[in-house]
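Each chain, written out:
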Amino acid sequence: AQMPTLPGNFDLVVVCDCLYENRDSWSSLQQLLHRLLGLHGHVLLASAMLRQPFLEAFTEQMAEVGFTLLKKEQGGPLGDVCVVILRPQA
């Protein structure tokens, strides 16, 4: 298989409802985020509250490879959703 040819340097990458029990795919998602983000880019992860444990586990995994948690919000005006914003450390 060939490497995807998506351009990099995005300011924002949005990932919604991608973190389920299939943790085997998380490293691929992590690599893709590294490749797509620009130097000062941000990742917005959104998940239903039901899947919050997976979002938290993936957020911890991203921190282990150099991402910083900027913000976490859940419920309230967002409804039954949890949102995390990350950025790579410079």
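Residues numbered from 1 in each chain as written. Predicted model: local features only at pLDDT ≥ 70, side-chain atom pairs only at ≥ 80, totals over all residues. Heavy atoms only, no water.

Draft legend 1. Looking closely at the packing of helix 1 (residues 26–36) against helix 2 (residues 52–64). Relative orientation of the contacting elements helix 1 and helix 2 amounts to 55 degrees, with a least axis distance of 11 Å. What the angle tells us is that helix 1 and helix 2 run oblique. Every pair of crossing elements has a handedness; the one defined by helix 1 and helix 2 is right-handed. In this structure, helix 1 uses Trp 26, Ser 27, Leu 29, Gln 30 and Leu 33 to contact helix 2, whose residues at the interface are Phe 54, Ala 57, Phe 58, Gln 61 and Met 62. In the contact of helix 1 with helix 2, the residues fall into seven nonpolar, three polar and no charged. (Axes fitted to C-alpha atoms, helices over the stretch in contact; angles between N-to-C directions. Helix = DSSP H or I, 4+ residues; strand = E, 2+ residues; numbered from the N terminus. Parallel < 35°, antiparallel > 145°, perpendicular 65-115°, else oblique. Left-handed = near helix turned anticlockwise from the far one by under 90°. Contact = heavy atoms within 4.5 Å. Nonpolar A, V, L, I, M, F, W, Y, C, P; charged D, E, K, R; others polar.)

Draft legend 2. Examining the sheet that holds strand 3 (residues 67–74) more closely. With mixed pairing, four strands are arranged side by side in an open sheet as 1-2-4-3. Of all strands in the sheet, those bounded by a partner on one side alone are strand 1 (10–16) and strand 3. The mean angle between the axes of side-by-side strands here comes to 15 degrees, regardless of whether they run parallel or antiparallel. Across six bridges, the pairing between strand 2 (residues 37–48) and strand 4 (residues 81–88) is antiparallel. From the neighbouring strand, Ala 48 faces strand 4, where its bridge partner is Val 81. On the sheet, helix 1 packs against strand 1, strand 2 and strand 3 and is oriented at approximately 140 degrees with respect to strand 2. (Pairing = 2+ DSSP bridges.)

Shape descriptors only; they carry no functional weight alone.
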